[in-house]
Amino acid sequence: MGKFEEFDSVVVRFAGDSGDGMQLVGSQFTTTCAMMGDDVATLPDFPSEIRAPAGTVFGVSGYQVCFGNGGIFTPGDKVDVLVAMNPAALKTNLQLMKPKGLIIVNEDAFTARNLEKAGYTASPLEGDALADYRVCRVKMGQLTQKALEGSTLSPKQVDRCKNFAALGVTYALFHRSRDSTDKWLQKKFGAKPDLLEANVKAFEAGVSFGASGELFPTTYRIRKRTRSPEPGNYRQVTGNSAAALGLIAAARRANLPLFLGSYPITPATDILHELSKHRNIATIFQAEDEIAAAGATLGAAFGGSLAVTTTSGPGFSLKSEFINLAVMVELPMIVINVQRAGPSTGLPTKTEQSDLLQALWGRHGESPIAVIAASSPRDCFDATVEAARIALKYMTPVILLSDGYLGNGAEVWRVPALEDLPDLRVTKRTDPENFLPYGRDPETLARPWVVPGTPGLEHRIGGLEKADGTGTVSHDPENHEKMVRLRAEKIARIARDLPPTEVLGDPRSELLVLGWGSTQGVIRRAVENLNAQGTPVACAHLRHLNPLPSDLGTLLRKYKKVLIPENNMGQLWYRIRAEYLLDIERLNKVQGQPFRADEIEAKIKSMLSSGAQR
């Protein structure tokens, strides 16, 4: 394999039937890149149906990874290399390809029946249909069958190994190390020698075939980094696994028992799965439904634990009454909502940012609550620690918004030292002298946290309005208004704790791109691309959505134009316009897919060329 080209970054997409193991090989490829020192960002993209009909376009499962020598903020706009395991995978993903991009197709799958199911009237491998791309045909099925001649596995089991043959071909193309995948195969199939041998042989066959020079006259390598990464321990994390680790770290820093009350729901379930591996240091309660999970979590908060419940859109709706009760009784409860495309069941495996308004105001009565959002898979760790800090310091429920893009996506993460995280220890009330259940800290307005059974501090809580101080049931009109305003002021005071809003990009810019949540990476990439072209533009990103940073209004008024891109119909846009009475542009996408940088770049260029000012 003599000739090779070097790149700073490459985008690869694996695509096939949902039963073809594309998520598996994509995650293995990502892990290998991370282990080799590359920066990575991924986009798992799988069907919403549990098992769509094989060979159909709506049954295609994809896994996209961008890897390179640094500065990788997104899984990439356009695809450099597509591995298509059948005609439907090719048809579904062709529009994502770069001109002259490389397509590796499983030629065995391009049968008349599969072509018909994918909606092709003729094979795209013939004629000029793929003339704009470089196409490498690989008979993955035959390659696998030949490698496994004499195997005791059934023909169906042999065919299922072809995903590792495809993975091996891509390892050869990109000079990837086999070490981490070989170790994973040993761990996964060590107890089943026949399956281990079959997958290893299929993998080796793919590597050998790709490296023979017969398939790829030119291979690819990533240029060495010009700067070394910060020293430390690194690992690959998804947003969901990072959130789980953040909960463990927060509980340690708070010196509190950790309780998770949850019910499985896509795409939040992996937080439950990850924490269940650590049952020696966390209490995991899988409830019979979402309502019970929220109730148990609130009970654990009352009992003195760092209490967390995880969910997605439909479950978030069901939990609203217990979240409201947490507001009334003023207990520290963390609600992690890994958002997905709705409404109702919607597109459960696709991503959206459409629960912001529900998080802010989706409860009856005047029910103010702290809301923050994670901005990347690795940031889910820091955002979770921040949610715990606010909940414990202010004795309030906190909603943390993630989404399917972050929760399922993966990045390389530098593991922080535990002692470098904020000190989250709180003092629970044990002294009965002058005790008032709703007496308040003069700075934060937090009420005391009392573990049930503490001698002399017996008190009751519940959903009925509380008398100021004593916490007894009160129907007094003036007291109700006072308590409503006190609860709102407590949340407002969180803004005193927030750092100044950071602005990135060209300081000469008259246009600011403002984002929240999972749009951070793509906004930053778009701004950096435009700055590199000589176009002055800047960006800022919000973690804290309620309360908003105290300097935000002043910052926004410095710019002639402000753009807010969101994976919804404009929910932060509504919030900002209402709060600051500013005329702000929006860019909205509700397709179940994250933004591409070029989409945001095009909108910015349009705004700058229009000359319109607010």
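Because the structure is predicted, anything quoted here is derived from the model rather than measured. (Residues numbered from 1 in each chain as written. Predicted model: local features only at pLDDT ≥ 70, side-chain atom pairs only at ≥ 80, totals over all residues. Heavy atoms only, no water.)

J.: Got a minute to help me understand the overall build of the chain in this structure?
T.: Within the chain, the secondary structure is distributed over 21 helices and 22 strands. Taken over the C-alpha trace, the chain has a radius of gyration of 26 Å; the compact-globule value for 614 residues is 25 Å, and the two agree within 12%. When the backbone C-alpha atoms are referred to their principal axes, the chain occupies close to 85 × 65 × 45 Å. Residue burial in the chain is summarised as follows: out of 614 residues, 56% are buried. (Helix = DSSP H or I, 4+ residues; strand = E, 2+ residues; numbered from the N terminus. Rg over C-alpha atoms; globule rule 2.2 N^0.38 Å. Buried < 20%, exposed > 50% of the residue type's maximum accessible area, 1.4 Å probe, protein only.)

J.: Would you mind showing me how to read the environment of Ala-307 here?
T.: Along the polypeptide, Ala-307 turns up in strand 12 (residues 306–311). Measuring from C-alpha to C-alpha, the distance between Ala-307 and Thr-297 comes to 5.5 Å, with 10 residues separating the pair along the chain. Not counting residues within four places of it along the chain, the set of residues in contact with Ala-307 comprises Phe-259, Thr-297, Ala-300, Ala-301, Pro-332, Met-333 and Ile-334. (Contact = heavy atoms within 4.5 Å.)

J.: Any chance you could explain empty space enclosed by the protein here in plain terms?
T.: Vacant regions in the atomic arrangement are exposed by a probe of water-molecule size rolled over the atoms. All chains considered together, the criterion is met by 3 cavities of 30 Å³ or more. The calculated volume of the largest cavity comes to roughly 80 Å³. As for the largest cavity, its lining consists of Leu-43, Pro-44, Asp-45, Thr-349, Lys-350, Thr-351, Gly-404, Tyr-405, Asn-408, Gly-592, Gln-593 and Pro-594. Listed by contribution, the elements that provide at least two residues to the lining of the largest cavity are strand 3 (39–45) and helix 16 (404–408). Computed from the structure, the second largest cavity encloses a volume of approximately 60 Å³. Taken together, the elements giving at least two residues each to the lining of the second largest cavity come down to helix 13 (320–329) and helix 17 (477–492). Residue contributions to the lining of the second largest cavity peak at 3 residues, all from helix 17. (1 Å grid on protein atoms, 1.4 Å probe; cavity = no way out; pocket = protein on both sides within 12 Å on 5 of 7 lines; lining within 4 Å. Points joined across faces, edges and corners; volume = space filled by probe spheres on them.)

J.: Would you mind showing me how to read the pairing of strand 2 (residues 9–17) here?
T.: Walk down a regular strand and you will see the side chains alternate between the two sheet faces. A large share of strand 2 lies buried, amounting to 8 of its 9 residues. Note: strand 2 against strand 4 (residues 60–68), 9 bridges, orientation antiparallel. Bridge pairing in strand 4 places Asp-17 opposite Val-60. Here strand 2 runs beside strand 5 (residues 79–84); their pairing, made up of 4 bridges, is parallel. Bridged to Arg-13 within strand 5 is Leu-82. (Pairing = 2+ DSSP bridges.)

J.: I'm lost on unusual backbone geometry in this one. Help?
T.: Between Thr-266 and Pro-267 the backbone carries a cis peptide bond, its omega angle lying at 0°. Following the sequence through the fold, Pro-267 ends up in the loop between strand 10 (258–262) and helix 10 (269–276). Look at the link from Asn-546 to Pro-547: it is a cis peptide, with omega at 0°. Along the chain, Pro-547 turns up in the loop between strand 20 (544–546) and helix 19 (552–556). The phi dihedral of Lys-100 falls on the positive side, at around 70°, and the residue is not glycine. Along the polypeptide, Lys-100 turns up in strand 6 (residues 97–106).

J.: So what exactly am I meant to see when it comes to the packing of helix 18 (residues 520–532) against helix 21 (residues 597–610) here?
T.: Packed helix pairs are specified by the crossing angle of their axes together with the interaxial distance, meaning the distance between the axes. Put simply, helix 18 and helix 21 touch, their axes get as near as 8 Å, and they point 55° apart. Relative to helix 21, the element helix 18 lies oblique. In the crossing of helix 18 with helix 21, the sense of the turn from one axis to the other is right-handed. Residues Val-522, Ile-523, Arg-525, Ala-526, Asn-529 and Leu-530 of helix 18 form the contact with helix 21, whose participating residues are Ala-597, Ile-600, Glu-601, Ile-604 and Lys-605. Across the contact of helix 18 with helix 21, the residue classes tally to 7 nonpolar, 1 polar and 3 charged. (Axes fitted to C-alpha atoms, helices over the stretch in contact; angles between N-to-C directions. Parallel < 35°, antiparallel > 145°, perpendicular 65-115°, else oblique. Left-handed = near helix turned anticlockwise from the far one by under 90°. Nonpolar A, V, L, I, M, F, W, Y, C, P; charged D, E, K, R; others polar.)

J.: Just checking my understanding: could you explain the layout of surface pockets for this structure?
T.: Looking at the second largest pocket, its volume works out to about 640 Å³. Lining the second largest pocket are 32 residues, and of these Arg-13, Asp-45, Leu-96, Lys-350 and Gln-593 sit closest to its centre. Taken together, the elements giving at least two residues each to the lining of the second largest pocket come down to strand 3, strand 4 and helix 2 (87–93). The element contributing the most residues to the lining of the second largest pocket is strand 4, with 4 residues. Each of two domains, domain 1 (4–222) and domain 3 (503–609), supplies a minimum of three residues to the lining of the second largest pocket. (Domains from an automatic or database assignment.)

J.: Quick question: what am I supposed to make of the nonpolar core here?
T.: One recurring pattern in soluble globular proteins is that nonpolar side chains are buried together. Among the nonpolar cores identified, the biggest contains 98 residues, and Leu-514 and Ile-576 are the most heavily contacted of them. Counting the residues that make up this core, at least three belong to each of domain 2 (235–420) and domain 3 (503–609). Each residue touching Leu-514, except ones within four places of it in the same chain, is listed here: Ile-523, Ala-540, Leu-542, Leu-552, Leu-556, Val-562, Leu-563, Ile-564, Pro-565, Leu-572 and Ile-576. (Core = buried A, V, L, I, M, F, W, Y, C linked by side-chain atoms within 4.5 Å.)

J.: How do you make sense of the state of the cysteines when you look at a structure like this?
T.: Formally, a disulfide is one covalent bond, and it connects the sulfur atom of one cysteine to the sulfur atom of another. Applying the stated criterion across every chain yields a total of 0 disulfides. Unpaired in terms of disulfides, Cys-66 finds its nearest cysteine sulfur in Cys-33, a separation of 9.8 Å. (Disulfide = S-S within 2.5 Å.)

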